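# Architecture at a glance
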Amino acid sequence: MKNLLKSTTVARAAVAAFGIVSAQAADPLTVVSWGGAYTKSQVEAYHKPYTEMTGVEIVSADYNGGLAEVKAQVEAGNVTWDLVDVELSDAVRGCDEGLLEPIDKSILPDAPDGTPAADDFLPGTLTDCAVSTIVWSTVYAYDATKFPGDKPATMADFFDTEGFPGKRGMRKTPKANLEFALIADGVPADEVYDVLATPEGIDRAFAKLDSIKDDVVWWEAGAQPPQMLADGEVVMTTAYNGRLFNAQTVENKPFVIVWDGQVWDLDLWVIPQGAPNKEEALKFIAFSTDTQRLADQAAWISYGPTRKSSVPLISTHAESGVEMMPHMPTAPDNFKNALQNDFEFWADYQDELNERFNAWLAQ
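Residues numbered from 1 in each chain as written. Predicted model: local features only at pLDDT ≥ 70, side-chain atom pairs only at ≥ 80, totals over all residues. Heavy atoms only, no water.

## A closer look at the pairing of strand β1 (residues 29-33)
Taken across its five residues, β1 has five buried, putting it largely inside the fold. Burial along β1 is two-sided: L29, V31 and S33 facing one way and T30 and V32 facing the other are all buried. In this fold, β1 hands off to helix α2 (residues 36-54), which returns the chain to strand β2 (residues 58-62); that crossover is right-handed. (Buried < 20%, exposed > 50% of the residue type's maximum accessible area, 1.4 Å probe, protein only. Helix = DSSP H or I, 4+ residues; strand = E, 2+ residues; numbered from the N terminus. Right-handed = clockwise from strand over helix to strand, strands pointing away.)

Written out as structure tokens, the structure reads:
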């Protein structure tokens, strides 16, 4: 940890350079995220040091993703959220629909060696209305105690309820599930969206989901899958990789992650249109996405920072002391059959596929 955390004096100097320190504390900043271990990583790496250095109180609120709540606030002219952590497809959609404030990337600090932020962030991680923080993935995991013999090792095994009997957990959304279904059905990862872009491909994905529908327990919040595994409600479940890491290392659960067919994505900060504390939200974005802060977050959860300069600073887990790099979605051994979520596909077809998915669930 010592190489991840700067002294208060140095950090204060950096914050002052961003123009963040003010003589008088501003109104509380309402920051909305996904809860659990993920929000904890943000609180430890971003919220606490920001409050300590500026005096600005940060109020954390949880949600389950999507744009519905942001849209409702904006359309009602009653925006109470200042900053929201969203997936990339929602960042793109929300910007296109005028639900999000544009963000001038010139507010972002350079890397320590002077590399401009625009060159330091990974390609595709900065958009008109959003600044990314992490690379994360949806994977599946199983309880090792439930499989004393053969172990699940591929996405096809997740869908094989005869070879690996027991209930499965899946997020209650078409996103990632349709991709998983096609990979399990033999579609190469790099061809998934070509297939999914056709009516026949969508039918094929739903047909594969049909094959395990009776064995699925649906989850909505990120904290649920590890709990479902721990309670024995399911023997394997899809989940966010960082939540599983937390259960493995902090709670010592006998869970094994299967990285085959992982669908990786980005999370980003956005500001709802008409946010009450927009200027403070921009200052918080500049602070929380600097090189050190992104590296600090990686000490709390196994999500990769989106700044190149942050990667060499990744060390060990803040509580368990486990080396973090092997647990990142982008670690070479984990990335052999990985699929990047196609944000353009989901920005275009989210509503249509949500409707079909909900109708399928009701059947």
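## So, the domain arrangement of the protein chain
In terms of domain boundaries, the protein chain breaks down into domain 1 (27-135 + 267-326) and domain 2 (138-264 + 333-362). E87 serves as the salt-bridge partner of R171, at 3.2 Å between the closest nitrogen and oxygen. Elements with a contribution of two residues or more to the side of domain 1 that touches domain 2: α2 and α4 (88-96). With four residues, α4 is the largest single contributor of residues to the side of domain 1 that touches domain 2. Among the residues making up the side of domain 1 that touches domain 2, the classes are represented as eleven nonpolar, seven polar and three charged. (Domains from an automatic or database assignment. Salt bridge = Lys/Arg side-chain N within 4 Å of Asp/Glu carboxyl O. Nonpolar A, V, L, I, M, F, W, Y, C, P; charged D, E, K, R; others polar.)

## Re the packing of helix α7 (residues 177-184) against helix α9 (residues 199-210)
Packed helix pairs are characterised by how far apart their axes lie and by the angle those axes make with each other. Running from amino to carboxyl end, α7 crosses α9 at an angle of 85°, the nearest separation of the two axes being 8 Å. In this view, α7 runs roughly perpendicular relative to α9, as classed from their interaxial angle. Judged by residue contacts, N177, L178, A181, L182 and A184 of α7 engage G201, R204, A205, F206, K208 and L209 from α9. Along the lines of polarity and charge, the residues of the contact of α7 with α9 split into seven nonpolar, two polar and two charged. (Axes fitted to C-alpha atoms, helices over the stretch in contact; angles between N-to-C directions. Parallel < 35°, antiparallel > 145°, perpendicular 65-115°, else oblique. Contact = heavy atoms within 4.5 Å.)

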